[in-house]
Amino acid sequence: MNHDRAIPSAMKSKNSPRPILEIKNIYKVFIKEGSRFLALEDVNLQVNDGEFMCILGPTGCGKSVTLQIVAGLMEQTSGFVFLDGKEETGPGPHKGMVFQEYALLPWRNVRENVELGLEIQGVQKAERHKIAESQLANVNMKNTSRLSIHEISVGMRQRVAIARALAPDPKILLMDEPFDALDALTKEEMQIELLKTWEQTKKTIFFVTHDVDEAIFLSDRICVMDINPGRVKKVLVNNLPRPRHEKVKRTDEAFNELREEIINLYSSLMEEELDLIV
Ligand SMILES: Nc1ncnc2c1ncn2[C@@H]1O[C@H](COP(=O)(O)OP(=O)(O)OP(=O)(O)O)[C@@H](O)[C@H]1O
Ligand SMILES: [Mg+2]
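First, a word on what this report is: a plain description of the structure on this page. All values derive from a computational prediction rather than experimental measurement. (Residues numbered from 1 in each chain as written. Chains lettered and ligands numbered in written order. Predicted model: local features only at pLDDT ≥ 70, side-chain atom pairs only at ≥ 80, totals over all residues.)

1. Here we look at the nonpolar core
No. 1: With 61 residues, the main nonpolar core has A163, L174, F206, F207 and C223 as its most contacted residues.
No. 2: It is helix α6 (residues 154-166) that provides the largest number of residues to this core, a total of 6 residues.
No. 3: Look past the residues within four positions of L174 in its chain and what remains in contact with it is L67, V70, A71, K95, G96, M97 and F206. (Core = buried A, V, L, I, M, F, W, Y, C linked by C-beta atoms within 7 Å. Buried ≥ 20, exposed ≤ 12 C-beta atoms within 10 Å, placed from the backbone. Helix = DSSP H or I, 4+ residues; strand = E, 2+ residues; numbered from the N terminus. Contact = placed C-beta atoms within 7 Å.)

Structural data, given as structure tokens:
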């Protein structure tokens, strides 16, 4: 099937896509056991406003390092990160973050966790409550605000983490394998809910995963990374129709085609790796 991969579906409705995140010439060197280890080599990537970008690649290729540099939690060795045209040098509530280990504070209840970024921003109590309740409703967590973290399931904790990240109305949502610890059914449910939230909020999402099907189900584009050193191998456009949960099945021909293209790319990465070892 020859489907059009020229323009991502979420961008078709917009006149001209505006880059919100620009990653330019990023290098990251670690010192490991006394020697230099090049984790990222000249990573360049643009993410458009409202786009759902997935970063996919084998373990150790530098997905999390890239995301942490974008988040401002780790400093690059050289290169630049621009968010909405401004150079980024540290963390802040304008970058919402959700990680696999949801990092909620157990001594705060559900609503108090969602309010965290708003407190840092100095938002008044009544307004904080209002925003937190509305964000909780968005992620299907109505009437849970007084529950404590240990009373809710792992999937619900990840919803709270998403509500917390969205509460300060960030410019971008950065997610690092957020559903990896979930069972298959909960994972699929969370993917559908995340897409609904994305469609409602029109937030730009930068989503790290090593799950090929997850990247295909969620993304507008998929940035496939290469390893040793970590770098961008190829950026694929994903034109599967939306809303995905209604229009796309993981057994569809177009889904299979994209999966095959990615798996072939991976195989070529592995062959290059073997060539290096030989
Ligand atoms: N703080 C650190 N100090 C030294 N090396 C590091 C550090 N953080 C990451 N690395 C190395 O950088 C490389 C990329 O790591 P990264 O965590 O980004 O991989 P990843 O693509 O996210 O893998 P995974 O899919 O397993 O999460 C790895 O070789 C890792 O060991
Ligand atoms: Mg990682």
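2. Focus: the sheet that holds strand β1 (residues 19-32)
No. 1: In spatial order, the strands read β2-β1-β4-β5; together these 4 strands make up an open sheet with antiparallel pairing. In this open sheet, the two edge strands, each paired with only one partner strand, are β2 (35-48) and β5 (86-87).
No. 2: As paired elements, β1 and β2 share 10 bridges and run antiparallel to each other. Of the residues in β2, the one forming a bridge with K28 is L40.
No. 3: Contacts from helix α2 (residues 63-71) reach β1, β2 and β4 (78-83) within the one sheet, and its direction differs from that of β1 by about 120 degrees. (Pairing = 2+ DSSP bridges. Axes fitted to C-alpha atoms, helices over the stretch in contact; angles between N-to-C directions.)

3. Structural notes on the sheet that holds strand β9 (residues 221-226)
No. 1: Spatially, 6 strands are ordered β6-β7-β8-β3-β9-β10 in an open sheet, and the strand pairing comes out mixed. Strand pairing shows two members of the sheet lacking a second neighbour, β6 (95-99) and β10 (231-237), which therefore form its edges. The average angle at which neighbouring strand axes cross in this sheet is 20 degrees, direction not considered.

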